[in-house]
Amino acid sequence: MQTFVIVLTVLGMAVMGPAVMVLSLPAASHGLVLVLGPPWADREAAITQAGGHGIGPVSTPLATLAQSDNPEFGARLRSAGPFLVVDGEAVASLCGVSG
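This text gives an overview of the structure that appears in the document.

Quick notes on the rules
Residues numbered from 1 in each chain as written. Predicted model: local features only at pLDDT ≥ 70, side-chain atom pairs only at ≥ 80, totals over all residues. Heavy atoms only, no water. Pairing = 2+ DSSP bridges. Helix = DSSP H or I, 4+ residues; strand = E, 2+ residues; numbered from the N terminus. Contact = heavy atoms within 4.5 Å. Axes fitted to C-alpha atoms, helices over the stretch in contact; angles between N-to-C directions. Polar contact = N/O pair within 3.5 Å; in protein donor to acceptor, adjacent residues only side chain to side chain. Buried < 20%, exposed > 50% of the residue type's maximum accessible area, 1.4 Å probe, protein only.

## Re the sheet that holds strand β3 (residues 63-68)
By definition, the strands of a sheet pair up through backbone hydrogen bonds, in either a parallel or an antiparallel sense. Spatial strand order, β2-β3-β1-β4: 4 strands in an open sheet with antiparallel pairing. A single partner strand is all that each edge strand has here, and the edge strands are β2 (53-54) and β4 (84-87). One ladder, built from 6 bridges, connects strand β1 (residues 31-36) with β3; its direction is antiparallel. Bridging from a neighbouring strand, Leu-34 pairs with Leu-65 of β3. Against the sheet, helix α3 (residues 73-80) contacts β1, β3 and β4, and its axis sits at roughly 155° relative to β4.

So, in structure tokens, the structure goes:
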């Protein structure tokens, strides 16, 4: 039982570390953004309706990279559903991408 608790604690910390880093990023309004939402939400449709477009060939079950130059983009996405919109440039820097 103690081993199970230790393993569960280590796994929880491994998952929570990156999640806390992403959730602590500033909210974004336009430009390159990371759109986080539940897997059942149609993020692609919401992104298009908000005036943006998805970036990349695929989306993950919980996140999609998107781009828009419209300053209202982030607000429109947040009002369209349970979406968290964070600065895509900041996410890229967490992953070691610069420029």
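## Overview of the side chain of Thr-64
If you trace the backbone, Thr-64 turns up in strand β3. There is a polar contact of 3.0 Å between the side chain of Thr-64 and the side chain of Arg-43. Setting aside anything within four residues of it in sequence, one finds Thr-64 in contact with Val-33, Leu-34, Val-35, Arg-43, Glu-44, Ile-47 and Ser-59.

## Description of the pairing of β1
Looking along a regular strand, one sees side chains alternate from face to face of the sheet. Most of β1 sits inside the fold, with 5 of its 6 residues counted as buried. Two elements, β1 and β4, share 4 bridges in a ladder whose sense is antiparallel. Within the sheet, the bridge partner assigned to Leu-34 lies in β4 and is Val-86.

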